[in-house]
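Descriptive structure summary
Here is what each chain is made of, one letter per residue.
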Amino acid sequence: MQRYVIRRLLYSVAVVIGVSIFVFVITHMLGDPARMMLPLEATEEEYLAFRHQMGFDDPLHIQFFRFVRDALRGDFGDSLWQREPALDLVLERLPATLLLVAISTSLALIISIPLGVLAALKPRSLLDRLCTIGSLGGVSIPDFWLGVMLILVFAVHTRWFYTSGYGTWKHLVLPAITLAARPIGRITLIARSSMMDELCKPYMVTARAKGLKESVIIYRHALRNALIPIITLGGWQVTRLLAGLTVATETVFAWPGVGLLAIQAIERRDLPLIQADVFVVALLVSGLNLFLDICYAFFDPRIRFE
Amino acid sequence: MQSGTFVAERGEFTTGGRWPAWRAVSSLLGQLVQDRVALAGATFLFIVLLTSLFAPYIAPHDPTVQDITHRLKPPFWLPGGSREYLLGTDQLGRDILSRMIYGGRVSLMVGFFTVLCAGGVGTTLGLIAGYYGGRIDNIIMRLVDVQTAFPGLLMALAIITMIGPSVRNIIIVLTINGWMVYARMIRGTSLAMRQSLFIDAARVVGASDRRIIFLHLLPNLASPLITLGTLELARVILAEAVLSFLGLGIQPPASSWGLMINEGHTYITLAWWLVTFPGAAIALTVLSVNLVATWLRAITDPLQRELQYGAGRRRGR
């Protein structure tokens, strides 16, 4: 176990190094960062002065080492837009995104596991067909469009919930449903197929031969084993949500999370803020991946020896 | 009783005929007709494909021509609507239906080329990793692992900000974002296949590595690759829509379904049709692609076929 954790930790370090190289390449080499940050009407002298002031005229490797050194200290520079340290701005927005992701993931798990299990118990029934097509629909609907349609129906017409903003549960309902649609589809599909797999296994025959009650067979035996891939997928969905899927939803509902911040930073060409945002999200995602992997290894010893 | 030869590795009968490709297509179509849901999806996709290909001939109006006197007209069945603008007009008086037809062009084109590029890069690297193994395999797969852990969409947004939004750049960014899936799948399958007899045989007769990889390994990976490509097409169409919705994809005055939702969603209280139709177009197209992909996986993979069509029988309760 210890060896596995150490190996897995090293891998996370590699991911963070990879991300920092990637962020550096994107922001310093794909375009001219000084030109990007300055307004269009800036003169050539202003441009050169700014370039020098920000250190963009130094050799690339020096810029890279400076970037890494500052990033390790959590210093991404001040946001051009808010005139505050970029990292603080990102950390301020983080709780809103975490809340949204937590609520919508819980919603997805609560809805999709029973649906998938019921569909697996009666394959090819009407419920099964509806579930399969419904989940494919959930996977196919663009979340930002679903958000706009929910606003139209439940905020503009019926006025049950608020169109946008942050604060009360009335603000939370629509974005949480919007964000949950895709995970619901995915998890229902996997719950159905993994439950079906378990129901076909020989130990089910044994359980029936022993004369166990059908409910015990299904919920105590089959469901427990079927939960492993479901939880794996659930964890993966959380990392995907954090890794950028919240951006569109937060934009639609003006939800003040890191996704909306990224868009605001991009609109204002605020390079330090973009860097800090991508970096924090990447750290969060790889930290979560690390945690999930160690959990799997703890619960499923086979993983440790791979 | 079927007549013909039994093709063991495909597990199906083929009837005699002169053109194997045509035979494969007609047998596929025959199976498609039997699955009504998949058939509906394929038909819808075919219609979208046709309207996109022949957009200039089908679209009733020029998608970029503005006409302020006719702005925010509702669809034809509502009071105030006219048959001239079947699905109504937007805030600048442009015809929604025409913009949707042209927008479908963009979605399909971006989807198709991205799948082609990402599939090409991923498959090549996957084949190299799987066939050679050892250190090169290690390097490629670590790269795949590291990049899979990246916050993909955020990275894509950052790249687009630096290199500027255009159709070409969107395809590049989505390729960077999507090649890993192919590499991982192809590497796994070719690793297993490397040990098989026909690869040894090819090596014994002196075939070069490149010949073995592209003429022996690759054709055997075609069917999982096509299924994965179809699934990825759905993901890419959605990704393009998100980018365009966020204003970092297709730029006005050109049209794209995601962009139409971006432009229309501020008018939502005045005109629901601005966002409803393009969004429905995305959802239905992606759903159709997903249905076709599910069906493809079911008919090409015996295990999946059993799950989809035979589970009730096997459990036999």
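Every chain is numbered on its own, with residues counted from 1 as its sequence reads. The order in which chains are written sets their letters, starting at A; the order in which ligands are written sets their numbers, starting at 1. Reporting of local features is limited, given that this is a predicted model, to residues whose pLDDT is at least 70; pairs of side-chain atoms are given and counted only at 80 or more, and all residues count toward the totals for whole chains, interfaces and linings. Remark: hydrogens and water are excluded; side-chain values derive from all non-hydrogen atoms of the structure.

On to the overall build of chain A, then. Looking only at helices and strands, chain A features twelve helices and zero strands. Numbering goes from the N terminus for both helices and strands, where a helix is a DSSP run of H or I of at least four residues and a strand is a run of E of at least two. The order of α-helices and β-strands along chain A, N terminus first, is α-α-α-α-α-α-α-α-α-α-α-α. The principal-axis extents of the C-alpha atoms in chain A amount to approximately 85 × 60 × 30 Å. Burial statistics for chain A: of 306 residues in total, 49% are counted as buried. Only heavy atoms matter for contacts: two residues are in contact if any of them lie within 4.5 Å across the pair. For chain A, restricting intrachain contacts to residue pairs at least 6 apart in sequence, the fraction spanning at least 24 positions comes to 71%. As used throughout, the charge tally considers Lys and Arg to be positive and Asp and Glu to be negative, leaving His and the chain termini uncounted. Working definition for charges: the position is that of NZ of Lys, CZ of Arg, CG of Asp or CD of Glu. Of the side chains in chain A, 29 bear a positive and 25 a negative charge, and the two mean positions are spaced by 17 Å. The buried label goes to any residue with under 20% of its type's maximum accessible area, the exposed label to any with over 50%, and the partly exposed label to all in between, with areas taken from a 1.4 Å probe on protein chains only.

Within helix α11 (residues 257-264) of chain B, seven of the eight residues are buried, which leaves it mostly tucked inside the rest of the structure. Those residues of α11 of chain B that sit buried are W257, G258, L259, M260, I261, E263 and G264 of chain B. Those residues of α11 of chain B that are buried are in contact with α7 (143-157) of chain A together with α2 (36-53), α4 (96-132), α10 (222-245) and α12 (273-300) of chain B.

F144 of chain A together with M100, L157 and I282 of chain B are the most contacted members of the largest nonpolar core, which has 126 residues in total. Excluding residues that lie within four positions of it along the chain, F144 of chain A makes contacts with A248 and V252 of chain A together with A241, V242, F245, I261 and I282 of chain B. In this structure, V117, I187, M204 and L223 of chain A belong to the second largest nonpolar core, which totals 21 residues. Nonpolar cores are built from buried Ala, Val, Leu, Ile, Met, Phe, Trp, Tyr and Cys residues. Side-chain atoms within 4.5 Å join them into one set.

Chain B puts 47 residues into the contact, and the matching count from chain A is 56 residues. A 1.4 Å probe defines the accessible area here, and the buried area is the portion of it lost by two parts on being joined, summed over both. Summing the contributions of chain B and of chain A, the shared interface buries around 4,400 Å²; its carbon and sulfur component is 79%. By definition here, a salt bridge exists when the distance from a side-chain nitrogen of Lys or Arg to a carboxyl oxygen of Asp or Glu is within 4 Å. There are zero salt bridges connecting chain B and chain A. N or O atoms within 3.5 Å of each other form a polar contact, as long as, within protein, one can give a hydrogen and the other can take it, and as long as residues adjacent in sequence are counted only when both atoms are side-chain atoms. Linking chain B with chain A are four residue pairs in polar contact (both at pLDDT 80 or more). Looking at the side of chain B that touches chain A, the elements that each hand over two or more residues are α5 (134-148), α6 (152-163), α10, α12 and α13 (302-315) of chain B. Per-element tally for the side of chain B that touches chain A: the top contributor is α12 of chain B, with eleven residues. Ten residues, namely Ala, Val, Leu, Ile, Met, Phe, Trp, Tyr, Cys and Pro, are considered nonpolar, four, namely Asp, Glu, Lys and Arg, are considered charged, and the remaining ones, Gly among them, are considered polar. Broken down by class, the residue content of the side of chain B that touches chain A amounts to 33 nonpolar, ten polar and four charged.

Residues and elements named next belong to chain A. Residues enter a patch when their relative accessible area is above 30% and they make no salt bridge; the linking distance is 9 Å between like charges and 5 Å between nonpolar side chains (Val, Leu, Ile, Met, Phe, Trp, Tyr). We get accessible surface area from the Shrake-Rupley algorithm with a probe of 1.4 Å; when it comes to residues, only the shown protein chains can shield them. Side chains of D75, D78, E84, D88 and E92 sit close together on the surface and give a patch of like negative charge. With respect to the element layout, D78 can be found in the loop between α4 (60-72) and α5 (86-121). On the basis of relative accessibility, which here comes to 47%, the residue D78 falls in the partly exposed class.

Turning our attention to the packing of α10 of chain B against α12 of chain B. Residue and element names in this part refer to chain B. Fitting a line to C-alpha atoms yields each axis, with helices limited to the stretch in contact; the angle taken between N-to-C directions then spans 0 to 180 degrees. In contact at an axis separation of 9 Å, α10 and α12 are set at 165 degrees when each is read in the N-to-C sense. Compared by their axis directions, α10 and α12 come out roughly antiparallel. Of the two possible hands of crossing, α10 and α12 adopt the one that is left-handed. For the pair formed by α10 and α12, the contact residues are S223, I226, T227, T230, L231, L233, A234, I237, L238 and A241 on the first element and I282, T285, V286, V289, N290, V292, A293, L296, R297 and T300 on the second. Should an angle lie under 35 degrees it is considered roughly parallel, over 145 roughly antiparallel, and from 65 to 115 roughly perpendicular; all remaining angles are considered oblique. Helix crossings get a hand from a simple test, with the near helix turned counterclockwise from the far one by less than a right angle marking a left-handed crossing and a clockwise turn marking a right-handed one.

As a working rule, side chains carrying opposite charge can pair if their charged atoms are close by. Residue and element names in this part refer to chain A. Evaluated as defined, the whole model comprises 17 salt bridges over all chains. Here D70 and R69 are joined by a salt bridge, their closest N and O atoms 3.5 Å apart. Ionic pairing is found between E214 and R208, a salt bridge with its closest N-O pair at 3.1 Å. Of the residues examined, E214 reaches a relative accessible area of 32% and is grouped as partly exposed.

All right, on to the side chain of T246 of chain A then. Among the secondary structure elements, T246 of chain A is positioned in helix α10 (residues 214-253). In this structure, T246 of chain A is in contact with T97, V101, L179 and L241 of chain A, ignoring residues within four places of it in sequence.

This part is about the domain arrangement of chain A. Taken as a whole, chain A is organised into domain 1 (2-72) and domain 2 (94-267). Domain limits in this description derive from either an automatic procedure or a database domain assignment. The C-alpha centroid of domain 2 of chain A is placed 37 Å from the C-alpha centroid of domain 1 of chain A.

Assignment of secondary structure puts N290 of chain B in helix α12. When neighbours within four sequence positions are excluded, N290 of chain B is seen to be in contact with L136, V139 and S140 of chain A together with L231 and A234 of chain B.

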